[in-house]
Amino acid sequence: MIWLTDKIEFPDYKYATYDGVLALGGDLSENRLIYAYKNGIFPWFSEDDPIVWYCPPERMVLFPEDIKVSKSMRKIINKNEFLITENQAFEEVIYNCKNINRKDGFGTWITDDMEQAYINLHKRGVAKSIEIWKDKELVGGLYGLEINDIFCGESMFSKVSNASKLAFIHLAKNKNYNLIDCQIYNEHLASLGAKEIERGLFLEILKA
C-alpha cells in the first residue's frame, strides 16, 4: 500500500486494490481535496484511522437525463409542501449528514476533520449544498463538490420521507451538470436512475 507524503500527488490507478483503495495518509487540505476530486479520487475512512483514498473500479453515477421521478414523487413536488434552497445552510446539512441515525451506518464516516475540511471548501466556493425545508425546519439535503460541470456527491440525509430524494431530483433537473458522481453503488440511488460505469469511462468524462 502506498503512503502519501506532504507533496500533493497520488499514485497511478493501476496501484489501486481490487476494491479501489489507492493510497493512505496525507491530509485533508483544500488543495489536496480539490486535486483528488479532479482526478476521480475521494477520501473515506473512520475516526482514528489513517485517511484512505479511493478510486473504485466501478463508479456509481447519474447522467441527469436518466433521473427517474416516480408518480408519487411528482405528486409530492406538485404539492409544493417543501421549500428547496441552494447553499443556504451548508454547515447544517453536513452536520445532519454526520449525526443522523442511519440503518446503513453510512453517516459515521464523516469525521470531525472531514466536516471542517468540507466547510472550508464551501467557504472557498467549491463545496455546495441543496437544502429541503418544511415549515421552516431543515428536513433534508445533500452536499458535495462542484468540479467543472460535474457534481461529486458526498452525503445526504432525510428527517422526513422523500426529503433527500427531492434534493437529488432537484440537483439532477435544475443544475445543468453533465454528470453526478455517486461514488459507490447505492440501491436508493439506483432506483432514481444512477448506475455503475467503469473507472476508465468515468475518468474520461471527468477530464473532458
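Definitions and limits used
Every chain is numbered on its own, with residues counted from 1 as its sequence reads. Reporting in this predicted model follows two pLDDT cut-offs: at least 70 for local features of residues, and 80 or more for side-chain atom pairs to be given and counted; totals over whole chains, interfaces and linings ignore these cut-offs and use all residues. To obtain the side-chain values, all non-hydrogen atoms of the structure were included, while hydrogens and water were left out. Only buried residues count toward a nonpolar core. Its members are Ala, Val, Leu, Ile, Met, Phe, Trp, Tyr and Cys residues joined through side-chain atoms within 4.5 Å. With a 1.4 Å probe rolled over the protein chains alone, any residue whose accessible area is under 20% of its type maximum counts as buried; one over 50% counts as exposed, and the rest are partly exposed. The helix and strand labels rest on DSSP assignments: H or I over at least four residues marks a helix, E over at least two residues marks a strand, and numbering proceeds from the N terminus. By definition in these notes, contact holds between two residues if any of their heavy atoms fall within 4.5 Å. Pairs of N or O atoms within 3.5 Å make up the polar contacts considered here, provided that, within protein, one atom can donate a hydrogen while the other can accept it, and that residues adjacent in sequence are counted only when both atoms are side-chain atoms. Without a salt bridge and with relative accessible area above 30%, a residue can belong to a patch; like charges are then joined within 9 Å and nonpolar side chains (Val, Leu, Ile, Met, Phe, Trp, Tyr) within 5 Å. Note on areas: Shrake-Rupley with a 1.4 Å probe; residue coverage comes only from the protein chains shown. Here, a salt bridge means any side-chain nitrogen of Lys or Arg that lies within 4 Å of a carboxyl oxygen of Asp or Glu. As used throughout, the charge tally considers Lys and Arg to be positive and Asp and Glu to be negative, leaving His and the chain termini uncounted. Charged side chains are reduced to one point each, which is NZ for Lys, CZ for Arg, CG for Asp and CD for Glu. The rule is short: rings of Phe, Tyr and Trp, with Trp giving its six-membered ring, pair when the centres are within 6.5 Å, and they are stacked under 30 degrees, edge-to-face over 60, tilted in between.

A. Structural context of the nonpolar core. Membership of the largest hydrophobic core comes to 49 residues, with the highest contact counts inside it found for Trp-53, Tyr-118, Tyr-143 and Leu-145. Top contributing element to this core by residue count: helix 4 (residues 112-123), with five residues. Apart from the residues within four sequence positions on either side, Tyr-118 is in contact with Leu-33, Tyr-37, Pro-43, Phe-90, Ile-94, Ala-127, Tyr-143, Leu-145 and Glu-154. Core analysis: the next-biggest nonpolar cluster, separate from the first, contains 27 residues, Ile-76, Ala-163, Leu-166 and Ala-194 among them.

B. Focus on the environment of Asp-135. With respect to the element layout, Asp-135 can be found in the loop between strand 7 (127-134) and strand 8 (137-147). Put simply, Asp-135 and Leu-83 are 52 residues apart on the chain and 8.6 Å apart in space, counted from C-alpha to C-alpha.

C. Representation of the side chain of Thr-85. Take Thr-85: it is sitting in strand 6 (residues 83-86). In terms of polar contacts, Thr-85 uses its side chain to reach the side chain of Trp-133, at 2.8 Å. Each residue touching Thr-85, except ones within four places of it in the same chain, is listed here: Ser-129, Ile-130, Glu-131 and Trp-133.

D. Broad picture of a positive patch on the surface. A cluster of basic residues, Lys-71, Arg-74, Lys-75, Lys-79 and Lys-173, forms a positive patch on the protein surface. Here the element with the most residues in the positive patch is helix 2 (residues 71-79); it accounts for four residues. When you line up the elements, Lys-75 lands in helix 2. A relative accessible area of 58% means that Lys-75 is categorised as exposed.

E. Molecular detail of the packing of aromatic side chains. Scanning all chains against the criterion turns up seven aromatic pairs. With a centroid separation of 6.1 Å and an interplanar angle of 10 degrees, the aromatic rings of Phe-10 and Tyr-35 are classed as stacked. Residue Phe-10 is located in the loop between strand 1 (3-4) and strand 2 (21-25), and its partner Tyr-35 is located in helix 1 (residues 30-38); the two are separated by 25 residues in the primary sequence. Judged by relative accessible area, which is 14%, Phe-10 ranks as buried. Judged by its relative accessible area of 35%, Tyr-35 falls in the partly exposed class. Here Trp-44 and Tyr-54 contribute two aromatic rings whose centre-to-centre distance is 5.6 Å and whose plane-to-plane angle is 55 degrees, an arrangement assigned as tilted. Placement of the pair is Trp-44 in the loop between strand 3 (42-43) and strand 4 (52-54) and Tyr-54 in strand 4, with a sequence separation of 10 residues. The exposure class assigned to Trp-44 is partly exposed, which follows from its relative accessible area of 24%.

Don't take any of this as a statement about function, it's just geometry.
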